[in-house]
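What follows is the residue order along each chain.
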Amino acid sequence: MSKPDELLIDVAALVESGQSNQMSLTVVTGGAVITGRLAPEAVWRQRVSDVLTDSARLGEFSAVFGTPVRKDGPPSHLHFHVARILQGTVGIPETGGMYRVAIDDVSAWTMGDFSYSDH
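Residues numbered from 1 in each chain as written. Predicted model: local features only at pLDDT ≥ 70, side-chain atom pairs only at ≥ 80, totals over all residues. Heavy atoms only, no water.

For the protein, an unreviewed UniProt entry supplies the name PPC domain-containing protein and the organism Streptomyces melanogenes.

Quick look at the structure:
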């Protein structure tokens, strides 16, 4: 987006201020559709740090995500957890992942998340 969507920034700011991880959102960015729940950046960083800490090969990167969040101005990114990139009738990864998306790169969005059913 050339000009960030103020409504989307407001949604992200509410997630940040409330420390809630229950807001479901679906975005289109760079041609990909990402669907899942938003988390406050500090919570998202801690979860990524925990996963990296438990990794034998990537543990050294956990400290990068454990650094405090800088709060200067409105949110610039959306932090998804339990999220999937939708590809055809499949969500990748099936169990959900952690994604950080720049608000400036979102070309479309809707409240809620998408899932597929064979029924």
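Back to the write-up after that little detour.
A. Just the pattern of salt bridges, in detail. Tallied over the full model, the rule gives two salt bridges. In this structure, Glu41 and Arg45 form a salt bridge, with 3.0 Å as the shortest nitrogen-oxygen distance. Of this pair, Glu41 and Arg45 both sit in helix α2 (residues 41–53), four residues apart, which is roughly one turn of the helix. The partner of Glu41 in a salt bridge is Arg100, with the nearest N and O atoms 3.2 Å apart. Placement of Glu41 in helix α2 and of Arg100 in strand β4 (residues 90–102) is noted, with a sequence separation of 59 residues between them. Overall, the relative accessible area of 13% leaves Glu41 in the buried class. Exposure remark for Arg100: the relative accessible area of 38% places this residue in the partly exposed category. The structure contains a network of salt bridges with shared partners spanning Glu41, Arg45 and Arg100. (Salt bridge = Lys/Arg side-chain N within 4 Å of Asp/Glu carboxyl O. Helix = DSSP H or I, 4+ residues; strand = E, 2+ residues; numbered from the N terminus. Buried < 20%, exposed > 50% of the residue type's maximum accessible area, 1.4 Å probe, protein only.)

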